[in-house]
Amino acid sequence: MALFHVRMDVDIPRDLDPEERAETLAREKKYSQDLQHSGKWVHIWRITGKFSNISIFDVETPDELHEILWNLPLFPFMTIDVTPLNKHASSIK
Ligand SMILES: O=C(O)C[C@H]1C=CC(=O)O1
């Protein structure tokens with residue numbers, strides 16, 4: 001198990017075909033919710049006032065996270081920042 005903090009900033013071009021935009025967003029939602037049901041996408045929080053999220057992933061390896069992120073339907077329109085997390089020595093959990 002490895003935890004990662006991931007920030008995703010979305011920037012969809014204004015001239016993208018509205019049908020393609022809606023279809024991509026619908027696929028993104030299903031992809032995200034399937035991963036949430038699987039336990040791999042542990043948290044997703046909207047950043048106030050931005051088309052961005054902060055997420056926590058629980059995966060086996062960085063390669064697995066890379067595959068998940070690479071296959072996000074919105075990946076072509078995202079800037080993604082990944083921070084690996086280690087257990088803090090003072091954590092009681
Ligand atoms: O809305 C977003 O932050 C982008 C993306 C991540 C999951 C999802 O459903 O959409």
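The chain appears in an unreviewed UniProt entry as Muconolactone Delta-isomerase from Williamsia limnetica. Under the Catalytic activity (unreviewed entry) heading, UniProt states for the chain: "(S)-muconolactone = (4,5-dihydro-5-oxofuran-2-yl)-acetate". A UniProt comment under Sequence similarities (unreviewed entry) is attached to the chain, and it reads "Belongs to the muconolactone Delta-isomerase family."

Attention shifts here to the overall build of the chain. Scanning the chain for helices and strands turns up two helices and four strands. Along the chain, helices and strands appear, N-terminal first, in the series β-α-β-β-α-β. Projected onto the principal axes, the alpha-carbon positions of the chain cover approximately 50 × 25 × 20 Å. Out of the 93 residues in the chain, the part that is buried amounts to 29%.

This part covers the UniProt feature "domain: Muconolactone isomerase" (unreviewed entry) in the chain. According to UniProt, the feature "domain: Muconolactone isomerase" (unreviewed entry) maps to residues 3–90 in the numbering used here. When the span residues 3–90 is considered, its composition is 34% helix and 34% strand, and the gap between its end C-alpha atoms is 17 Å.

A word on the confidence of the model for the chain. For the chain, mean pLDDT is 97; residues scoring 70 or higher make up 100% of the total. For this predicted complex, the interface score ipTM comes out at 0.96, while the overall pTM is 0.96.

Our focus in this paragraph is the sheet that holds strand E3 (residues 52–59). Strand order in the open sheet formed by four strands is E2-E3-E1-E4, with antiparallel pairing between adjacent strands. Strands with a single pairing partner mark the edges of an open sheet, and in this sheet they are strand E2 (41–46) and strand E4 (78–85). For this sheet, the mean angle separating the axes of adjacent strands, direction not counted, is 15°. Alignment of strand E1 (residues 2–10) against E4, held across eight bridges, turns out to be antiparallel. Of the residues in E4, the one forming a bridge with Val-10 is Met-78.

We now examine helix H1 (residues 18–38). Helix length check: H1 (21 residues) gives 30 Å between terminal C-alpha atoms against 30 Å at 1.5 Å per residue, within 8%. Tucked inside the fold, the buried residues of H1 contact E2, helix H2 (62–70) and E4. Two residues or fewer past H1, Gly-39 is found with a positive phi of approximately 90°.

Our next topic: the nonpolar core. Counting residues in each nonpolar core, the largest one holds 18 residues, and the members touching the most others are Val-6, Met-8, Phe-57, Leu-65 and Leu-69. Secondary-structure elements contributing two or more residues to this core are E1, E3 and H2. Here the element with the most residues in this core is E1; it accounts for five residues. Setting aside anything within four residues of it in sequence, one finds Leu-69 in contact with Val-6, Met-8, Phe-57, Phe-75, Ile-80 and Val-82.

What counts as what
Residues numbered from 1 in each chain as written. Predicted model: local features only at pLDDT ≥ 70, side-chain atom pairs only at ≥ 80, totals over all residues. Heavy atoms only, no water. UniProt positions renumbered as here; feature names shortened; annotations may be inferred. Helix = DSSP H or I, 4+ residues; strand = E, 2+ residues; numbered from the N terminus. Buried < 20%, exposed > 50% of the residue type's maximum accessible area, 1.4 Å probe, protein only. pLDDT = per-residue confidence, 0-100. Pairing = 2+ DSSP bridges. Axes fitted to C-alpha atoms, helices over the stretch in contact; angles between N-to-C directions. Expected span 1.5 Å × (residues − 1). Contact = heavy atoms within 4.5 Å. Core = buried A, V, L, I, M, F, W, Y, C linked by side-chain atoms within 4.5 Å.

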